[in-house]
Amino acid sequence: MGFAMGYFRDNIERAAGYVPGFQPGRSDVVKLNTNENPYPPSPQVIEAIKAIEPERLRRYPDPLGRAFREAAAAVNGVGPDNIICCNGGDELLRMAFTAFCDSGRAAAYPVPTYTLYPVLANIVGCEAIEVPFPLGAQKAGEGEFNLPAKLASTGAALTIVCNPNAPTGSFVKVEEIALLADEVNGVVLVDEAYVDFAEETGVRLISSFDNIIILRSMSKGYSLAGMRFGYGLANKTLIQGLRKVQDSYPVDAAALVAATAAIEDQEYFRANVEKVKTERARLTEALRQLGFNVAESSSNFVLAQCKHSKANEVYEKLVERDVYVRYFNMQGLEDKLRITVGLAQQNDRLLEAIREILPQSK
Ligand SMILES: *Cc1c(COP(=O)(O)O)cnc(C)c1O
């Protein structure tokens, strides 16, 4: 400390930066705080990484990741030209802000949502229009709250819908996304980082809308958070435009090999997703029995509202018992905990700890 600052642009100097979920150094804790998949990646991923030839690492990787794009195209029923490989889905978000937003071109998104969006908005210096999405309204467009109309009226150059949403787990129907894309003037980015755990995807919309980008991540459904690999789906023109704001070699050779092997093993992927969904249902029910309000989740986490105790106190007492969940000290979330669906035994340890903490629920 004590250095003369002033080297940074004003908005960077003032920014706090993104705050990632805590990564405990020990592995014997119950870690349900950053929505990783509790199962390991496909054995074929490990085989493929072990088989990487030194020559492959000596040379620069394929800048466009053709092998992955072909595999992902087959899985998604689109063409390889509709796909862009990224260094994590987060890179695609950064690219979208760089490509579409500046001081005169705003970004809009419903809140509460992924806290990286405002961080990126600040970096590019665009206005971030946050549209409050009532937590009770699970389905947009129903009842009094019309999400497409609310978002379209902002006039933003980039509208982001996290679907399923984090940290709520709620899902906006694909028809609502289509309505939104129809109404806005700018681009709609659908952040489908958690879509593997939902019932439907908006990918079919990219053939009829020239302003929709779908974001996918290999971190959650495919258990590759440590690899850093994600991709975007859109019409060819948008994909080509996005390339212009990307790094020279955005995805490394090992990540390409791993992600390709992972997406090719659909059988393993589907089996894991089903296991997570089964545990999600069990965890939801058990938390409700313990007196929490838990909305239905389309994701690999649940948002549990504490009715009889303070969420931050429950959080602290869970940490004392080596159980990590996520607490957001933010409007609308102060009384809630976001809990990643873990292995059955991890979820059991969480539930046991909660029973100790809330004596009245014994
Ligand atoms: C995990 C996540 C992403 C992308 O994560 P990567 O690990 O960078 O692929 C994007 N959006 C949301 C809401 C996420 O939770």
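Residues numbered from 1 in each chain as written. Predicted model: local features only at pLDDT ≥ 70, side-chain atom pairs only at ≥ 80, totals over all residues. Heavy atoms only, no water.

Undergrad: I'm lost on the packing of aromatic side chains in this one. Help?
TA: What describes a pair of aromatic rings is the distance from one ring centre to the other and the angle between the planes of the rings. The full count for this structure, using the stated rule, is nine aromatic pairs. Considering the side-chain rings of Tyr114 and Tyr117, the 5.5 Å spacing of their centres and the 85° angle between planes classify their relative orientation as edge-to-face. Among the residues examined, Tyr117 registers a relative accessible area of 0% and is labelled buried. One aromatic cluster is present, built from ring pairs that chain together Tyr18, Tyr109, Tyr114 and Tyr117. Over the ring of Tyr39 we find Lys275, and its NZ or CZ is 4.3 Å from the ring centre. (Phe/Tyr/Trp six-rings, centres within 6.5 Å; stacked < 30°, edge-to-face > 60°. Buried < 20%, exposed > 50% of the residue type's maximum accessible area, 1.4 Å probe, protein only. Lys NZ or Arg CZ within 6 Å of the ring centre and 35° of its normal.)

Undergrad: When you look at the sheet that holds strand S5 (residues 158-162) in this model, what are you seeing that I'm missing?
TA: Pairing is mixed in the open sheet, where seven strands are placed in the order S2-S8-S7-S6-S5-S3-S4. At either margin of the open sheet sits one strand with a lone partner, and together these are strand S2 (83-86) and strand S4 (128-132). The sheet shows a mean angle of 25° between the axes of neighbouring strands, taken without regard to direction. As paired strands, strand S3 (residues 107-111) and S5 are joined by two bridges and run parallel to one another. Note on S5: the bridge partner recorded for Ala108 is Thr159. Its contacts with the sheet place helix H4 (residues 66-76) against S2, strand S7 (212-217) and strand S8 (230-233), and it is angled at close to 125° to S2. Across the sheet, helix H5 (residues 89-100) lies against S2, S3, S5, strand S6 (187-191), S7 and S8, angled at about 155° from S7, the strand it touches most. (Pairing = 2+ DSSP bridges. Helix = DSSP H or I, 4+ residues; strand = E, 2+ residues; numbered from the N terminus. Axes fitted to C-alpha atoms, helices over the stretch in contact; angles between N-to-C directions. Contact = heavy atoms within 4.5 Å.)

Undergrad: Looking at this structure, how should I read the site of the ligand?
TA: Gly88, Gly89, Asp90, Tyr114, Cys162, Asp191, Ala193, Tyr194, Ser217, Ser219, Lys220 and Arg228 make up every residue found near the ligand. A distance of 2.6 Å separates an oxygen atom of the ligand from a polar side-chain atom of Ser219. The side chain of Lys220 places a nitrogen or oxygen atom 2.8 Å from an oxygen atom of the ligand. Burial of the ligand by the surrounding chains reaches 93%, relative to a free accessible area of 380 Å². Grouping the constituent residues of the shell around the ligand by class yields four nonpolar, four polar and four charged. (Near = heavy atom within 4 Å. Polar contact = N/O pair within 3.5 Å; in protein donor to acceptor, adjacent residues only side chain to side chain. Areas by Shrake-Rupley, 256 points an atom, 1.4 Å probe, with all protein chains shown as cover. Nonpolar A, V, L, I, M, F, W, Y, C, P; charged D, E, K, R; others polar.)

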